[in-house]
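Each chain, written out:
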Amino acid sequence: MPVTDDSPFGHPLALGQERIWASEQMSASDALYGSPVVLALRGDMDLEALQESLTEIISRHSVLRSVVSTASGTARLVARAATPVRLSPVETQGTDGFEDLVSREVLAPWDLEAGPLVRLGLYRLGEADHRLLIDVHHMVFDALSFDVLVGELTELYDAKSKGREPALPALVAQYRDYALAQRRALAQGLLDDQIDYWCHELSGAPFALSLPTDRPRPARIDFSGASHTFTFDAGLRDRVIAAARGWKATPFVVMLTAWVAVLSQYCDQNEVLVGTPAAGRLDPETDDLIGMFVNTLVLRLRFERDKAFPHMVDHVRQVVFSGLAHQEAPIEKVVERLRPPRDDSRSPVFQTLFTLAEHQDRPHHAGGLVIETVPPPPRTTSRLDLSIEIVEHTNGFDAEIEYSTALFDAETISRIATHFGTFLRGALEDAERSVGEIPLLSQAEHEEALRHASGEHARLLHATLAARLSVDTPPPVDQAGDGTRVFVLDQGLRPTPVGAIGEIYLAGPFPGATPAGATGLRAESFVACPFGGPGEQMYRTGDRARRRTTGELELVGRRDQMVELNGYRVDLSEIETVLSGHPGAGPVAATIKSDGPGGGQVVAYVVSDVPDEAILAYAAERLPRYLRPTIIVHLDTLPLTADGKVDLGALPTPDRSTVRPRSTPTTGHEQQLCQIFSEILEVETVGVNDDFFDIGGHSLLAVRLLSRVRTTFGVEFGLQDLLDTATAAGLAERIATGGVTATTRPPLVPMSSRP
């Protein structure tokens, strides 16, 4: 990759930068993509040498003095001229005062167009004790960039403080060369095979991680977050390394396998998607560069509870190594091709990230200074539901879970971390057990779960179940005495952790209710009770629930109503419950129509005179996009089976008469907007009520759409506005009624001619 001259008009963003740019426009959090690094500088500091060293680093790497320009209608990266770095040390009241100051600094909003994308701060804690804050936007920085930066800072400071020439090799490329080379490779079809691999690998995968949350998931992602830290000692680290060697794997694979096993059991899923970063520096010219090279691999991993842990490790190893062999496929293009259902409430395709890195424990020495990395301030944002980063060092593993505080309590995350450690130790102690037999719970937690099975909350739930379970349940419930126990168990009939979803089983004295002697009951609904005496039976209710920290059991749906919809596990009863809440709605049944455009569609059968538009608007306020019905069928009554359940087989098949026709534009604005939608999405026709995101739009195309709207109508929309009004009809109405602000954007002037 030869060095190209800085163009006054800038250069295209790399694909990863483009994704971050689009995400930044949609995020309500200004600090979401900051990458703060804190260096402890201990010793007599030469301020001039430090300033000159930082100036040279920023001058050397043009990406660090770049800003984003959208003057051409698309986002481009423009490098500014280098200017000297000036630092004014801030006096702090020791470590606590420094941490308070820095915690506020890293929350300052980023302006990617005004810049800068690198923010520096120097703090004086004592006579020979300073902290250097280097906060860089992720658009221009990644984890390996940090290693490059610290290495160059050490060499430059040492050289300047001693009056010698620094021994840094000349750069043979800049980050912009990588971005241009990536664009060329994509345009020439050189990445097609790799993109095809991922699309095949992820076809039909579960795009939602069904982690049980402490609060309902907001309709739109809330990026507020926090972190939980914990450690594993050197003894456990050594056992992980030895086990990995014996299984022909790596510590990364072993730790990831244990993490997936824990997530799978919390989610009650046998398959999960986990993101993991790949360095993306495949050309030797990129080794010495600073920039955003990292790509995300989405690993589709199975949890087979009847297989031994080494078997699962082997499966994860194969998936990881195969993924690394195809790591050049940009995740952005894979998501575009997969076109997962739009869900504003979560990150597309994957919602958890796993990272394991090695940490160099030794400090750097430069010109009388000892330079060490110290932890940055705690994060207050989270890009995903749940991410874990593990750092290996001489004393063991340091781990940090970053999580969404909109979804999870700190206590829940602490419990997941504890169960991760419990499972990992159990897997290493007896690897030949099936993974379904390796405990998540401590002995004390196990005993507590059994105590709760006979408690007051269990008795209350028992009464609730008697009133609402299907027709074959009341006989054993009615026959149950005071000794009835209510268990929430996983697929291996083990108590689930607090908060995790399992299935409800009733155990107790059921006279005559045995597989051989029960009348009118399904024999397969009875299983031997692993917690009772010889011959004691449990009744499998089919209800899914979880145990709260209070001991209460929360019903979350029926197992027989769980279906797959375009990569999501869907509980149809959730849709029915929401739609039934409409004031004018009667009984509702929801099903999946699998032959619709773009995959499955939710069909709602309603006994109601409420217009379709009112039902759809009601659903849009209460259900994530992928759960909303796209077809409404009105019936006089719902067909029922002899036992009073909805007869799904007797529901009429939706035909063209029951599907709303595509509306044609009636105004000039609607016509223009439909044409813009059509051109950007490369579809032949677009109706005025077609949702931009439902017919192929995504965040990157949304940026192009808003640019076209701005140039065509002279008005300014943000991506948040588009999420609220994503149809041609809605946008036209807002333009016509003055619901947007007229743009005051200056005329396009070549950057080289600006003062």
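Residues numbered from 1 in each chain as written. Predicted model: local features only at pLDDT ≥ 70, side-chain atom pairs only at ≥ 80, totals over all residues. Heavy atoms only, no water.

Concerning the packing of helix α7 (residues 234-246) against helix α11 (residues 410-429)
- With their axes 11 Å apart at the nearest point, α7 and α11 run at an angle of 50° to one another. On the basis of the axis angle, α7 is oblique to α11. The two elements α7 and α11 cross, and the hand of that crossing is left-handed. For the pair formed by α7 and α11, the contact residues are L236, R239, V240 and A243 on the first element and L424, R425, L428 and E429 on the second.
- Class assignment for the residues of the contact of α7 with α11 results in five nonpolar, no polar and three charged. (Axes fitted to C-alpha atoms, helices over the stretch in contact; angles between N-to-C directions. Helix = DSSP H or I, 4+ residues; strand = E, 2+ residues; numbered from the N terminus. Parallel < 35°, antiparallel > 145°, perpendicular 65-115°, else oblique. Left-handed = near helix turned anticlockwise from the far one by under 90°. Contact = heavy atoms within 4.5 Å. Nonpolar A, V, L, I, M, F, W, Y, C, P; charged D, E, K, R; others polar.)

With respect to helix α9 (residues 309-324)
- A rise of 1.5 Å per residue sets the reference length of α9, with its 16 residues, at 22 Å; its end C-alpha atoms lie 22 Å apart and thus fit the reference within 8%.
- Where α9 is buried, its residues contact α6 (192-202), α8 (251-267), β10 (295-302) and α11. (Expected span 1.5 Å × (residues − 1).)

Some details on helix α1 (residues 15-26)
- Helix length check: α1 (12 residues) gives 17 Å between terminal C-alpha atoms against 16 Å at 1.5 Å per residue, within 8%.
- Burial analysis of α1 places nine of its 12 residues in the buried class, the great majority of the element.
- For α1, every residue scored as buried is listed here: L15, G16, Q17, I20, W21, A22, S23, E24 and M26. (Buried < 20%, exposed > 50% of the residue type's maximum accessible area, 1.4 Å probe, protein only.)

Looking at the packing of aromatic side chains
- This structure, assessed with the given rule, holds 14 aromatic pairs.
- Taking the centre distance of 5.7 Å and the plane angle of 65° together, the rings of W247 and F309 count as edge-to-face. Of this pair, W247 sits in the loop between α7 and α8 while F309 sits in helix α9, and the two are 62 residues apart along the sequence.
- What makes W247 partly exposed here is its relative accessible area of 22%.
- Among the residues examined, F309 registers a relative accessible area of 0% and is labelled buried.
- An aromatic cluster is built from F230, F232, W259 and F420, whose rings are joined through pairwise contacts.
- R119 extends its terminal NZ or CZ atom over the ring of W110, reaching a point 3.6 Å from the ring centre.
- When the ring centre of Y618 is taken as reference, the NZ or CZ atom of R622 above it lies at 3.7 Å. (Phe/Tyr/Trp six-rings, centres within 6.5 Å; stacked < 30°, edge-to-face > 60°. Lys NZ or Arg CZ within 6 Å of the ring centre and 35° of its normal.)

A short note on the packing of α8 against α11
- As a packed pair, α8 and α11 sit with axes 9 Å apart at the nearest point and diverge in direction by 125°. Compared by their axis directions, α8 and α11 come out oblique. As α8 packs across α11, the resulting crossing turns out to be right-handed. Contacts between α8 and α11 involve M255, A258, W259, A261, V262, Q265 and Y266 from the former and R415, I416, H419, F420, F423 and L424 from the latter.
- Counted by class, the contact of α8 with α11 contains 10 nonpolar, two polar and one charged residues.

A short note on the pairing of strand β2 (residues 34-42)
- Buried residues dominate β2, accounting for seven of its nine residues.
- Across nine bridges, β2 lies against strand β7 (residues 129-137) in antiparallel orientation. Looking at β7, one finds that V37 is bridged to I134.
- Note: β2 against strand β13 (residues 369-374), five bridges, orientation antiparallel. Paired with L41 across the strands is I371, a residue of β13. (Pairing = 2+ DSSP bridges.)

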